[in-house]
Amino acid sequence: MATKGDYRVSEPRARRLAYDSGLVEMEIECRETHELRSLFNCPVCGRRLKMVKNMTVFGGTVTLGYTCPHCPYWTGIHRRVPTRYIFTRKSA
Ligand SMILES: [Zn+2]
């Protein structure tokens, strides 16, 4: 994983474990930045992000953003940075 120095180990790991346990629902609040840098890995769970594309009327495709196949994270072409995580216990 090649991120530049802003990767904290303990916190995301705890979050991931909680989410992977399947006992909680996770909501992610994000702040949109003006960065157009493409993302390859989910900043929340580290999985590879899936590109979301749309067909244009001219037969090409346009990238709309990225979604994570594992957790609720998604981003548009303007990168969204997670600012807050809300965990709620799943009701049985
Ligand atoms: Zn994810």
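Please read these numbers as outputs of a predicted model, since none were measured by experiment. (Residues numbered from 1 in each chain as written. Predicted model: local features only at pLDDT ≥ 70, side-chain atom pairs only at ≥ 80, totals over all residues. Heavy atoms only, no water.)

Concerning the sheet that holds strand β3 (residues 61–67)
Inference 1: Pairing within the open sheet is antiparallel, and its three strands lie in the order β2-β3-β4. Two strands bound the open sheet, and with one partner strand each, they are β2 (50–55) and β4 (74–76). Ignoring strand direction, the axes of neighbouring strands in this sheet form an average angle of 35°.
Inference 2: Strand direction decides the pairing type here: β2 and β3, joined by six bridges, are antiparallel. What sits directly across from M55, in β3, is T61. (Pairing = 2+ DSSP bridges. Helix = DSSP H or I, 4+ residues; strand = E, 2+ residues; numbered from the N terminus. Axes fitted to C-alpha atoms, helices over the stretch in contact; angles between N-to-C directions.)

Overview of the pattern of salt bridges
Where side chains of opposite charge bring their charged atoms close, a pairing between them can arise.
Inference 1: Under the counting rule described, the total for this entry stands at two salt bridges.
Inference 2: R84 serves as the salt-bridge partner of E29, at 3.2 Å between the closest nitrogen and oxygen. Remark: R84 occurs in strand β5 (residues 80–89) and E29 occurs in strand β1 (residues 24–32); sequence separation between them is 55 residues.
Inference 3: In this structure E29 comes out as partly exposed when scored by relative accessible area, which is 34%.
Inference 4: One salt bridge connects R79 with E35, and the closest N-O pair in it is separated by 3.7 Å. On the criterion of sequence distance, the pair formed by R79 in the loop between β4 and β5 and E35 in the loop between β1 and β2 is long-range, its members being 44 residues apart.
Inference 5: You can call R79 buried: its relative accessible area is 14%. (Salt bridge = Lys/Arg side-chain N within 4 Å of Asp/Glu carboxyl O. Buried < 20%, exposed > 50% of the residue type's maximum accessible area, 1.4 Å probe, protein only.)

Focus: the confidence of the model for the chain
Inference 1: Mean pLDDT over the chain stands at 85; residues scoring 70 or higher make up 88%.
Inference 2: Ranking the helices and strands of the chain by mean pLDDT puts β4 first, with 94, and helix α1 (residues 10–20) last, with 80. (pLDDT = per-residue confidence, 0-100.)

A look at the coordination of the zinc ion
Inference 1: Every protein donor of the zinc ion is accounted for by C42 (SG), C45 (SG), C68 (SG) and C71 (SG), and the metal-donor separations fall at 2.3 Å.
Inference 2: The site at the zinc ion holds four donor atoms, and with the angles between them running 99 to 119°, its shape is tetrahedral.
Inference 3: Summarised as a motif, the one-chain spacing of the donors to the zinc ion is C-x2-C-x22-C-x2-C. Pair noted here: C45 is in the loop between β1 and β2 and C68 is in the loop between β3 and β4, with a separation of 23 residues, a long-range link. (Donors = N, O, S within 2.8 Å, 3.2 Å for Na, K, Ca; no water. Tetrahedral: all angles 85-135°; square planar, octahedral: opposite > 155°, others 65-115°.)

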